[in-house]
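Topology and contacts: notes
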Amino acid sequence: MPHGTVGPLQPSPRLWHLIWYVGVPAAGAGDVGLAVKSLGKIIRSVQAFGRELSRKAAPVPASRVPAIGVALGGGFARGIAHIGVLKVLEEEGIPIRVVAGTSVGALIGACYCSGLSLAEMQEVAHNTRFTTFARWTLSRCGFASNDRMVSFLTRTLKCKTFEDLRIPLGVTATDFNTGEGVIFRSGSIIDPVRASCAYPGMFLPVEIRGRYLVDGMLSHPVPTRPVREMGADRVLAVHLKGTWSNGGPPRHLFDVIGQSFAIAQDAMSSLWRQSADLVVEPDVAGFGYDDFKRADDLVRSGEVAMRKALPEVRKWMEAPADEPLAAKPVHAGETAKGSPAAARPAPMPAD
């Protein structure tokens, strides 16, 4: 029998001697046949016990639940749709192991991972307006500052550091000088979320440890790769596809900036889609970038989109333990073509 293999238990020579000593000499000369029969029964019992012991010692394959990560993209007020996506996952008992967020996705992710219930998040969304976290300012670097987000996050989040979150979170930003994507996963949550939401041209850059940072959507429009690097076996990406244009001429500078970035994001979408197993796209086309007052409708759009995608997610949960969990990007039932992965930025502590 190969080394390390557990086989049926067999009596040792010493045990044979003990069985014979107990079973045979105790019988008289005329009862030898009866003694041999008794001895046979004992032997069969010992062998049966050995087989049962070997059967129980055999390893039993354990079921494996894949680690599901959620990547939340940017989209200003349209990001309220993320709440609807998370709501469906929670209602259906789909465990979320890691989250990464860009821009408003970082804000929603921070609230969720810090322990806010979805009902609490929906209430916050109801009461949020542009001036809740931003104020107009005169500056050569932007028209507004999001410094009000400090007080907003301080009173809203249930914990203020990455280390205390109930679910691991990655927050993306972009180094203004190098263009490098920065992933925050330690230290204070508040300034990284501010940096991730610093939309170029509208909000002032945010300085963290000597680096000037702007919106994470420039490097990670939907942060699928950071989620994968955080240990997710399956990556669910939430993309908020919208435009700033109403089909006519731009109304103001923000239309020009916003629509230009929307065009650029569409052009680079293949970079993040290759790391996604499933792309969920809530229908937010009819919502404005500042449509905070339509929070309920935005949440519903997220719910509808996620419910349509549930069959694919359930397949992940039903996959056998020995099935490989390597990513195969899926969007609208089609497999995306892979391309070489970009360089991985190192996580950056906030303080």
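Scoring rules and cut-offs
- Residues numbered from 1 in each chain as written.
- Predicted model: local features only at pLDDT ≥ 70, side-chain atom pairs only at ≥ 80, totals over all residues.
- Heavy atoms only, no water.
- Helix = DSSP H or I, 4+ residues; strand = E, 2+ residues; numbered from the N terminus.
- Buried < 20%, exposed > 50% of the residue type's maximum accessible area, 1.4 Å probe, protein only.
- Contact = heavy atoms within 4.5 Å.
- Areas by Shrake-Rupley, 256 points an atom, 1.4 Å probe, with all protein chains shown as cover.
- Core = buried A, V, L, I, M, F, W, Y, C linked by side-chain atoms within 4.5 Å.
- Polar contact = N/O pair within 3.5 Å; in protein donor to acceptor, adjacent residues only side chain to side chain.
- Patch = residues over 30% accessible without salt bridge, like charges linked within 9 Å, V, L, I, M, F, W, Y side chains within 5 Å.
- Salt bridge = Lys/Arg side-chain N within 4 Å of Asp/Glu carboxyl O.
- Arc of directions from axis to C-beta.
- Pairing = 2+ DSSP bridges.
- Lys, Arg positive; Asp, Glu negative; His and termini not counted.

1. A few points about the overall build of the chain
For the chain, the helix and strand inventory stands at 12 helices and 13 strands. Counting over 351 residues, the chain shows a buried share of 48%. Residue pairs at least 24 apart in sequence account for 77% of intrachain contacts in the chain once pairs closer than 6 positions are excluded. Within the structure as shown, the chain displays about 17900 Å² of accessible surface, and the carbon and sulfur contribution to it stands at 57%.

2. Some details on the nonpolar core
Ranked by internal contacts, the top residues of the largest apolar core, which has 77 residues, are Val193, Phe203, Leu236 and Met306. Per element, the largest residue contribution to this core is nine residues, and it comes from helix α12 (residues 295–318). Setting aside residues up to four positions removed in sequence, Leu236 forms contacts with Gly69, Val70, Ala71, Leu89, Leu278, Val280, Met306, Val313 and Trp316. Ranked by size, the runner-up nonpolar core spans 12 residues in total, among them Ala71, Ala100, Val227 and Ala276.

3. As for the environment of Arg148
Examined against the element boundaries, Arg148 turns out to sit in helix α7 (residues 148–156). Setting aside chain neighbours within four positions, we find Arg148 in contact with Thr131, Thr132, Phe133, Ala134 and Arg135.

4. Observations concerning helix α3 (residues 81–91)
Of all 11 residues making up α3, eight are buried, and the element is well covered by its neighbours. Of the residues making up α3, those classed as buried are Ala81, His82, Ile83, Gly84, Val85, Leu86, Val88 and Leu89. Taken together, the buried residues of α3 touch β1 (68–72), α4 (104–114), α5 (118–127), β10 (234–238), β11 (278–280) and α12. Gly93, located one to two residues past α3, shows a positive phi value of around 70 degrees.

5. A word on the side chain of Ser301
Of note, Ser301 is situated in helix α12. Note on Ser301: relative accessible area 12%, which makes it buried. A distance of 2.6 Å separates the side chain of Ser301 from the backbone oxygen of Leu298, its partner in a polar contact. Dropping the residues within four chain positions of it, Ser301 is found in contact with Ala81, Pro282, Asp283 and Val284.

6. Observations concerning a nonpolar patch on the surface
A cluster of nonpolar side chains, Trp136, Phe143, Leu253 and Val256, forms an exposed patch at the surface whose accessible area comes to about 390 Å². When you line up the elements, Val256 lands in helix α10 (residues 253–267). Using a relative accessible area of 39% as the deciding quantity, one classes Val256 as partly exposed.

7. A closer look at unusual backbone geometry
The backbone of Phe76 shows a phi angle near 55 degrees, a positive value even though the residue is not glycine. Structurally, the position occupied by Phe76 is in the loop between β1 and α3. The exposure class of Phe76 is buried, given its relative accessible area of 14%. Backbone geometry at Ser103 places phi at a positive 55 degrees, although glycine is not the residue there. By secondary structure assignment, the location of Ser103 is in the loop between β2 (98–101) and α4. Judged by relative accessible area, which is 6%, Ser103 ranks as buried.

8. Quick notes on α7
Within α7 the residues assigned to the buried category are Met149, Phe152, Leu153 and Thr156. Taken down its axis, α7 places every buried residue within 90 degrees of arc, on the same side. Residues of α7 that are buried make contact with α4, α5, α6 (130–133) and α8 (190–196).

9. Some words on the sheet that holds strand β4 (residues 142–145)
Across the sheet, three strands lie side by side as β3-β4-β7; this open sheet has mixed pairing. Only two strands of the sheet have a single partner each, and these edge strands are β3 (135–136) and β7 (201–203). Strand direction decides the pairing type here: β3 and β4, joined by two bridges, are antiparallel. The partner of Arg135 across the bridge, within β4, is Ser145.

10. Topic: the side chain of Asp215
Along the polypeptide, Asp215 turns up in strand β9 (residues 211–215). One buried charged residue, Asp215, forms no salt bridge at all, with the nearest opposite charge on Arg78 at 12 Å. Among the polar contacts made by the side chain of Asp215, one reaches the side chain of Ser103 at a distance of 3.1 Å. Of the polar contacts made by the side chain of Asp215, one reaches the backbone nitrogen of Met217; its length is 2.9 Å. Discounting chain neighbours no more than four positions away, the residues touching Asp215 are Thr102, Ser103, Ala173, Thr174, Ala195, Ser196, Cys197, Ala198, Tyr199 and Pro200.

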